[in-house]
Amino acid sequence: MQIAVSGGKGGTGKSTVAVNLAIALKQLGTELTFADLDVEAPNDHLLLGVELANEEPVVQFMPRFDYSKCTKCRKCAEVCEEHAIITLKDGTPFLMPNLCSGCRACEIVCPVPGAILEGQRLIGHTYITPTPYGFTLVTGKLREGEERSMPLVVAAKKKALEVRKGLLFIDTAAGTGNTVSKAVEFSDLLIAVTEPTPLGIHDTELILELGKLMEMPTWVVINRADLGEKEKVYELAKKYGAEVVAEIPYSENIVKSYVEGKPIVLTNYPEAEIFEGLAERVLKFIGGGE
Amino acid sequence: MQIAIASGKGGVGKSTITASLLYFLKDEYKLIAVDADAEAPNLGLLLGVIEWEEEREHIGAKVARINTESCIRCGICMERCPYDSIYIDDEGNYVVNELTCEGCNVCGLVCPVPGTIALEEVRSGVVRKATTKYGFPIISAQLDVGRPESGKLVTEEKEWAKKIMEELNLEHMVVDSAAGIGCQVIASLGGADVAILIAEPTPASLSDVQRAYKVVQHFREPAYLIINKADINPGFTKLREWAEAEGIPILGEVPYDRAIPESMVMLKPVVEAFPESKAAKALREIAERIKGEIIG
Ligand code: SF4
Ligand code: SF4
Ligand code: SF4
Ligand code: SF4
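Residues numbered from 1 in each chain as written. Chains lettered and ligands numbered in written order. Predicted model: local features only at pLDDT ≥ 70, side-chain atom pairs only at ≥ 80, totals over all residues. Heavy atoms only, no water.

1. Some points on the domain arrangement of chain A
Residue and element names in this part refer to chain A.
Stage number 1. Assigned domains within chain A: domain 1 (2–58 + 123–286) and domain 2 (63–118).
Stage number 2. Taken over C-alpha atoms, the centre of domain 1 sits 40 Å from the centre of domain 2.
Stage number 3. The interface of domain 1 with domain 2 comprises four residues on the first partner and five residues on the second.
Stage number 4. Contact between domain 1 and domain 2 buries roughly 330 Å² in total, counting both sides, with carbon and sulfur atoms accounting for 36%.
Stage number 5. Our enumeration of links across domain 1 and domain 2 arrives at one salt bridge.
Stage number 6. Across the salt bridge formed by Glu-82 and Arg-148, the nearest N and O atoms sit 2.6 Å from each other.
Stage number 7. Counting the contacts that link domain 1 with domain 2 gives one residue pair in polar contact (both at pLDDT 80 or more). (Domains from an automatic or database assignment. Contact = heavy atoms within 4.5 Å. Buried area = accessible area lost by both parts, 1.4 Å probe. Salt bridge = Lys/Arg side-chain N within 4 Å of Asp/Glu carboxyl O. Polar contact = N/O pair within 3.5 Å; in protein donor to acceptor, adjacent residues only side chain to side chain.)

Now the structure itself:
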């Protein structure tokens, strides 16, 4: 089983929902592994109050040219979709490392064995962090200055699948570009966290569209439900065959718990019940856990 | 002058603050606004834009497609795809997941049956333009669901903005950067003269803005900081300490104020909707400092 929590735009409270739901699920006895695939700004560990551990580098292929063998045929430059290889007038290829995605297309087309050698570049890290809540957190973190988050999302997701125990519970980045689809891919359930403000509603439609395109059962959690027109969220959900499963009111307690890095489900605040209720629904959905 | 406003992650009030600053700058300066968050654009909405005057489709993303008729189901493409974007469907066909494909064409190169895999150009989104009711133009974009290369959309937005600046003789471009630190943000910050960072006093926001600042440093741009919701976490001093240690001037602090979410529901900059609110007053002072110290 795999469940992804996503939410169109940033700041909708997606991570708050993900973190609290994960803890609540574990408290109900569900074995799970939590993956933070927001590789450009991962901070679920901060909300969980843990420090990232077990760092492992993620390296990517990068061509290195052996100019003594290269015949300057330009094939590598022509095939590179990223335009990461530029050639001089006489055909000598040069790499612009920042643009290279590590796809190996250049290596595949190069007709001269050994002209393209295996170079490597560090693009980020993955972390496997034990948490005091009984589940492991897997985090992907893109290195600053790197442009492409896709390879890191792929690497972090692989790592999460390797170490997973029970349910794989995924928190994605904001937006609905292809790195979010990669994080969400193969989920049995997509939980979209939304806001009933005009801005939130616009982004809700996009995330529901993604759920539809990926043919995934989709649930909607309305955060700050009293701040706008939640009827519109219900309408949209209906249009996409999604189900609104929870409403979270705007709450100072949640803001406080977020600010302090102390998950609200561990407190006695009444808001904790919302997440417990949600966890029970998830439990029913996955059939008593895995 | 090109001013980029960034935060490292969404949700810390970047667009609200940008909209308010634009509101204060519009009378004195000839400017254009660029919403560089192509995945979740909202600056246009916050400035009351309902209809776009001009919309350009951006065709440029590429995705691979497999011709099931000629495919011999050897599986080489699936093995070699760097992003695991090829899978076998229920009928046993090899299929590309267009929602995760990066368009690198590795599958096309390794497929032993010529012509079976083709790389096709698809729409990646739209870039659009409007004139706000405040008189200045805005460029925005919207990436289509599941498409790569939001950075390219941002680059196109900025190019269009530059053209308009020439045509209308405008002096300043204010770029509301995307969330994150990837290609969109790099495209947003590239070429800017100065970066204004927005953060709130929480460990998460500090971590995000520190990462955004590293990208700013790559470009060697001077940076400033605005602290939003400055009073929500009184015990947290690390944001301030970090800015001081890095020598990043703090332009001001905006207190937490319910007027901000309420103004967002009204689709107006908070300084217009609630000019007497605490937040509006703080933003007015910040705008004055920007006029004096940054734009000059
Ligand atoms: S690995 Fe791919 S992106 Fe990098 S240079 Fe080669 S073809 Fe271009
Ligand atoms: S394809 Fe190989 S031989 Fe041709 S220019 Fe590139 S590296 Fe040199
Ligand atoms: S184009 Fe690249 S990413 Fe897309 S399916 Fe082919 S190999 Fe995979
Ligand atoms: S490599 Fe070509 S022939 Fe082989 S499975 Fe892929 S598409 Fe079919």
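That was the structure; now back to the text.
2. As for the packing of helix 1 (residues 14–25) of chain B against helix 11 (residues 278–295) of chain B
All names here are of chain B.
Stage number 1. In the contact formed by helix 1 and helix 11, the axes pass within 9 Å of each other and the chain directions differ by 65°. The two elements helix 1 and helix 11 meet at a crossing, and its hand is right-handed. Counting all contacts with helix 1, which are made through Ile-17, Ser-20, Leu-21, Phe-24 and Leu-25, the residues of helix 11 involved are Ala-280, Leu-283, Arg-284, Ile-286, Ala-287, Ile-290, Lys-291 and Ile-295.
Stage number 2. Each residue belonging to the contact of helix 1 with helix 11 can be placed in one class, and the counts come to 10 nonpolar, one polar and two charged. (Axes fitted to C-alpha atoms, helices over the stretch in contact; angles between N-to-C directions. Helix = DSSP H or I, 4+ residues; strand = E, 2+ residues; numbered from the N terminus. Left-handed = near helix turned anticlockwise from the far one by under 90°. Nonpolar A, V, L, I, M, F, W, Y, C, P; charged D, E, K, R; others polar.)

3. Looking at the interface of chain B and chain A
Frequently, the measure chosen for interface size is the accessible area removed from exposure when the parts meet.
Stage number 1. In this assembly, 59 residues from chain B lie in contact with 54 residues from chain A.
Stage number 2. For the pairing of chain B and chain A, the buried interface totals around 4,800 Å² over both sides, and the portion due to carbon and sulfur atoms is 59%.
Stage number 3. Interface area lost by chain B to chain A is led by Tyr-83, Val-145 and Arg-211 of chain B, which between them contribute 14%.
Stage number 4. In this assembly, chain B and chain A are joined by six salt bridges.
Stage number 5. The partner of Arg-148 of chain A in a salt bridge is Glu-102 of chain B, with the nearest N and O atoms 2.8 Å apart.
Stage number 6. Our enumeration of links across chain B and chain A arrives at 27 residue pairs in polar contact (both at pLDDT 80 or more).

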